[in-house]
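Given next are the chains, with one letter for each unit.
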Amino acid sequence: MIRNQDLAHAIENISHRDPEIGYGLSELLAAGRIRIPVDSGSLGEDPCFLFEDNRVFVRKVSFFNHGIAPVEERLVLQYGKAAEKHRIEETPSPGDFFAAATRIHLAGIFCLVNFELFSAVSRLKKKIRAAGSGTDLENILNARLKILQQMLQEPPASFGMSLSLKEPLYFIEMQQSVDCHFVLFPFSYAALGQLAQLNLEFFHLRFVLDLFVSGASHHLFAAVSQGKITGMMYLVEKKRLFYSGLEIHYVATVNGLPLDEQTLDYPRIRGTGTFLMAGAWLLWKSRFPRASEIVLDAEIGADRFYDTIGFDFRPPYGYLLKHPKDKLLLYIVGMAMNCETLPEPLHTAVVQCIKRQIALLKKSIPADHPRRKVAVLTISTCNQGGKNQGLAQIVQQLVSRNSRRIPEAGMLLQVLAQDNADRSRHILVKGASMIWVVSDPVFDQHLEGIFHMENRKRTRALASILANDPFSDRIIPVQPRAATEQELAWVHLPEYIVKIAETTGKKLTSLDPDTQTTPQSYAVARLAAGSVFSLIDAVYNDPLHRSGIACIRPPGHHAEPDRAMGFCLFNNVALGAAYLQHRYKAKRILIVDVDIHHGNGIQKAFYDSPEVLYFSTHQFPCYPGTGKLSEIGTGAGKGYTINVPLPKGRDDKDYAGILHFLLTPVAAQFQPDMILVALGFDLFEQDPLGQMNVTPDGYALIIHMLKQLAETVCNGRIIFVLEGGYSIKGIRECGLRVLQELVDLPTLSPEKIRRMTPEKPGSLPELKKAMDLHRAFWPSIP
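Residues numbered from 1 in each chain as written. Predicted model: local features only at pLDDT ≥ 70, side-chain atom pairs only at ≥ 80, totals over all residues. Heavy atoms only, no water.

Looking now at the overall build of the chain. Helix and strand counts for the chain come out as 26 helices and 21 strands. Computed over the C-alpha atoms, the radius of gyration of the chain is 29 Å, within 12% of the 28 Å expected from 2.2 N^0.38 for a compact globule of 782 residues. With respect to the three principal axes, the spread of C-alpha positions in the chain is 95 × 80 × 45 Å. In the chain, of all internal contacts separated by at least 6 residues, the share reaching a separation of at least 24 is 72%. When the 84 positive and 81 negative side-chain charges of the chain are each reduced to one mean point, those points stand 5 Å apart. (Helix = DSSP H or I, 4+ residues; strand = E, 2+ residues; numbered from the N terminus. Rg over C-alpha atoms; globule rule 2.2 N^0.38 Å. Contact = heavy atoms within 4.5 Å. Lys, Arg positive; Asp, Glu negative; His and termini not counted. Charge placed at Lys NZ, Arg CZ, Asp CG, Glu CD.)

Let us look at the pairing of strand 7 (residues 228–240). Of the pairings in the sheet, the one linking strand 6 (residues 220–225) to strand 7 comprises six bridges and is antiparallel in character. Residue pairing for strand 7: A223 is matched across the bridge by G231. What sits between strand 6 and strand 7 in their antiparallel hairpin is a turn of two residues, with Q226 showing a positive phi close to 55°. Of the strand pairs in this sheet, strand 7 and strand 8 (residues 243–253) are connected by ten bridges, and their pairing is antiparallel. Residue pairing in the sheet places K238 in a bridge with G245 of strand 8. The turn linking strand 7 back onto strand 8 is made up of two residues, and F242 within it adopts a positive phi angle of 65°. (Pairing = 2+ DSSP bridges.)

Time to look at the side chain of T503. Along the chain, T503 turns up in the loop between helix 18 (494–501) and strand 14 (509–510). Within the structure, T503 has its side chain in polar contact with the backbone oxygen of I500 (distance 2.6 Å). Contact partners of T503, with chain neighbours within four places excluded, come to T509, T517, T518, P519 and Y522. (Polar contact = N/O pair within 3.5 Å; in protein donor to acceptor, adjacent residues only side chain to side chain.)

Turning to the environment of I500, a few remarks are in order. In this structure, I500 sits in helix 18. The exposure class of I500 is buried, given its relative accessible area of 0%. Separated by 64 residues in the primary sequence, I500 and A564 have C-alpha atoms spaced 8.8 Å apart. In this view, I500 contacts L511, Y522 and F570; residues no more than four positions away in its chain are not counted. (Buried < 20%, exposed > 50% of the residue type's maximum accessible area, 1.4 Å probe, protein only.)

Within soluble globular proteins, side chains that are nonpolar tend to cluster in buried spots. Counting residues in hydrophobic clusters, the biggest one holds 70 residues, and the most contacted among them are F49, V71, L75, F185 and F203. With eleven residues, helix 5 (residues 97–131) is the single largest residue contributor to this core. (Core = buried A, V, L, I, M, F, W, Y, C linked by side-chain atoms within 4.5 Å.)

So, on to the sheet that holds strand 12 (residues 435–438). Strand pairing in a sheet relies on backbone hydrogen bonds. The paired strands run either parallel or antiparallel. Strand order in the open sheet made by the eight strands is 13-12-16-21-20-17-18-19, with parallel pairing throughout. Of all the strands in the sheet, the pair left with one neighbour each is strand 13 (475–477) and strand 19 (641–646). The sheet shows a mean angle of 15° between the axes of neighbouring strands, taken without regard to direction. In this sheet, strand 16 (residues 547–550) lies alongside strand 12 in parallel orientation, the contact comprising three bridges. Counted as the bridge partner of W436 is G548 from strand 16. On the sheet, helix 19 (residues 521–541) packs against strand 12, strand 16, strand 20 (674–679) and strand 21 (718–722) and is oriented at approximately 160° with respect to strand 21. (Axes fitted to C-alpha atoms, helices over the stretch in contact; angles between N-to-C directions.)

Most of strand 19 sits out of view: six of its six residues are buried. Burial of the side chains of strand 19 extends over both faces: T641, N643 and P645 are buried on one face and I642, V644 and L646 on the other. Bridge count between strand 18 (residues 612–619) and strand 19: six bridges; the pairing is parallel. Its bridge partner being in strand 19, Y614 is matched across the sheet by T641.

Our focus in this paragraph is the sheet that holds strand 2 (residues 48–51). Judged by pairing direction, the sheet is antiparallel, and its three strands sit side by side in the order 1-2-3 without closing on themselves. Single-partner strands in this sheet number two, and they are strand 1 (34–35) and strand 3 (54–57). Sheet topology note: the strand 2/strand 3 ladder contains four bridges and is antiparallel. When the sheet's bridge partners are listed, L50 is paired in strand 3 with R55.

Attention now goes to the environment of L662. Inspection of the secondary structure assignment puts L662 in helix 22 (residues 652–670). Judged by its relative accessible area of 0%, L662 falls in the buried class. Sequence separation between L662 and V644 is 18 residues; the distance between their C-alpha atoms is 9.6 Å. Ignoring any residue separated from it by four or fewer positions in sequence, one finds L662 in contact with F615, I642, V644, G657, L767, A770, M771 and I781.

This is the structure we're talking about:
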């Protein structure tokens, strides 16, 4: 816990280095505008202080390991932001909220990086004076000093730049089209700015710059994806009499950081920790041949992670690695295949790893055993699509030589001969499709700690289904990413976005009687919208797997351009349609809303547009009171909004009739580029907020019909985005059937589908009225 004397001590140290900043902070401390909150010990592990009533967190591990320096850095950063905010408030503003917020944010980083760079320059100059003139050491230190001075001359705009990776050591494709690079830490203004923003455990600016000043920076490595730092590692070679080992001294990833405005735009890629470990293993075999092992100290709660990738426990608290396994092994081989050549010791070590996997395949281990699956994937990674053709040929020869004793040999040899390395990830699936899936614990942080109908149990119910057979081998994960303010402004007004952003850090904010936020809600809502963008990218660009589902929250279809309502903050599906328009220049987008409530926000966003056809079937009268049959669009968009309001009690057969007799012919005439489905599970017969009688069979049929429609009209491109549904039982039972249909493991026989689909539309009066009304716009309606 940080104490008042710690703040005073930190400000005194700052004053010695920069009297102006120190004086300003001293005044704020004396006025009580910098202080320790009363409840600082009850908000989690990281200690914090208040700066102008905003909580500022200091990483606990950094505070305990490196003393007062991390506190100094957070104070300087906040001072820079406060000074810029004061300047903006004193000058006439054009009202550009986003530009002002960006200026304030960058000013804090600029202030901190310059403060630490000037301090590092001062330390280097002292070392140069102590070294004496004309010595080799003086020349080395002067060269380092020149690099730091050049950094100080770079403009603040460098913070927005992607990191330049001239010579990455290793890289691997972590997800579709997302490369992750293992590099020596790229000392630059932009990289230091990213570290200042991230505030990673262990890797605060002063520690990193001290390594540079002392000449130990060649032991500092980073994982970089999309030009952003996603993880850091510091390695130390430990030598004692008759012993040499490579120690992972510090390691941290963005995934372990709290979700906030500082970290929101950094990719949180699953497996980054394993990726860093793989980089360390490759370095061990190539650059530290005398080291007998990789060692590290255990972190509380991380022992299971170490065990699953191949570390062995060494009492009392240490772990050592000799033979990698599971995902670590996959990453090592994948990274090796992305190198055209490998140093001889490393090449030999990788081949030995592959030989161990071939030996495992020759054993009588069941085909569905996890170790056998990993062995198959490891070997299949070494195909002709990689850069290292020499390694690929060796693996082909090894498999061919042992083909009689390996049941999968025929399939493996076929995969190893392929030019497209990415296909190897799908080889475990036979007779079933794979789907793209967004499902991440980060969505738990919305409305965390309060009672609400729209709670984390909803997405957790779907996650529990996805984690088990038959889905665990049939999903391709999609990484959530944050929608930018500019992207949100495609649908929402800038002042509304700022209003939601201002709820950040506040314990509870009520936006309307139904819709609340908690400290992380704005960040989570941006990730929910951005996840739809990422899912669209995956489905749109993959010729093999053209469907996906986003298990996200908060929901979105009620959110209007200028207000939150119905549990919704940002309109995820409407933003997805706008993304298709901006990113892929799509001219025809079909949105199908099968939530029990009308998606007033989606309708409002495109009510006058002929490029987005909005189709909704919902209970009426019901919240929010919109979605009448007569609401058909306006202007150029007239006829492009189709509402089928239904009285309570409608069942599986009714919904099948609406999709069959109305949606299918309209979609066939419209010919959309892609279908977006707002999927609510509140049609379920036992949902507490709904009064419909749809069963799990009904959900299976709805998904079956929508997938068939997508195959017919848009080459199979369809995504499903979670909206409502407040019976956890309903989400589990109906969600299971939805996912089975998505991966082509149908549970409905053709005969049952025939029985559940009405032969004529006349049995449902609401459908007949809708068909009669819209036939004028869509002659394809029978």
